[in-house]
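Coordinate inspection notes
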Amino acid sequence: MSISFHAGIQTATGDGVSNTSVKDNELVAEIFKGEDTTKPLSDQEVVKMLKEKGIVIARRTVAKYRTELNILPSNLRKVY
C-alpha cells in the first residue's frame with residue numbers, strides 16, 4: 001500500500017486543484033501580465049481575483065508564486 005501526498009489548493013466548491021496547475025496554467029502570471037503598470041496589483045488584490053475564479057489561496061502563497069515566476073513586488077513594477 002502506498003500513500004501519496006499532493007500539495008494542493010482547495011477551490012470554493014471544495015474541489016482540490018494542484019498548486020502546480022495554478023502556476024502551470026499561468027493564472028498568477030496572466031493576472032500580473034494584464035495589470036495596469038501605472039497602478040500595479042498587490043498580492044492581496046490577486047488573491048481576490050483568484051477567489052472570484054473559485055481558487056482560494058493565501059496572500060503569502062501568491063507572493064511565493066510571484067517570486068518563483070520572477071515577478072517583482074508591486075512597488076518595483078510601478079511605471080510612472
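Before going into details, it helps to say that this report is about the structure given with it. Just so you know, these numbers come straight off a predicted model, no measurement behind them.

The subject of this paragraph is the side chain of Asp-43. Along the chain, the position of Asp-43 falls in helix 3 (residues 43-52). A distance of 2.9 Å separates the side chain of Asp-43 from the side chain of Arg-66, its partner in a polar contact. Residue contacts for Asp-43: discarding those within four places in its chain leaves Phe-32, Arg-59, Val-62, Ala-63 and Arg-66.

Turning next to helix 3. Regarding helix 3, the residues found buried are Asp-43, Val-46, Val-47 and Leu-50. Angularly, the buried residues of helix 3 cover 105° about the axis, an arc narrow enough to put them on a single face. In helix 3, the exposed residues that point more than 90 degrees away from the buried face are Lys-48, Lys-51 and Glu-52. Buried residues along helix 3 sit in contact with helix 2 (27-33) and helix 4 (59-68).

The residue Arg-77 is located in helix 5 (residues 74-77) in this model. Side-chain polar atoms of Arg-77 contact the side chain of Glu-35, separated by 2.8 Å. One polar contact links the side chain of Arg-77 to the main-chain carbonyl oxygen of Leu-41, over a distance of 2.7 Å. Residues within four places of Arg-77 in sequence aside, it is in contact with Phe-32, Glu-35, Thr-37, Pro-40, Leu-41, Arg-66, Ile-71 and Leu-72.

Once that is clear, we can look at the environment of Leu-76. Position of Leu-76 relative to the elements: it lies in helix 5. Each C-alpha atom, one on Leu-76 and one on Pro-40, is 9.1 Å from the other, the two residues being 36 residues apart in sequence.

Cut-offs used in this document
- Residues numbered from 1 in each chain as written.
- Predicted model: local features only at pLDDT ≥ 70, side-chain atom pairs only at ≥ 80, totals over all residues.
- Heavy atoms only, no water.
- Helix = DSSP H or I, 4+ residues; strand = E, 2+ residues; numbered from the N terminus.
- Polar contact = N/O pair within 3.5 Å; in protein donor to acceptor, adjacent residues only side chain to side chain.
- Contact = heavy atoms within 4.5 Å.
- Buried < 20%, exposed > 50% of the residue type's maximum accessible area, 1.4 Å probe, protein only.
- Arc of directions from axis to C-beta.

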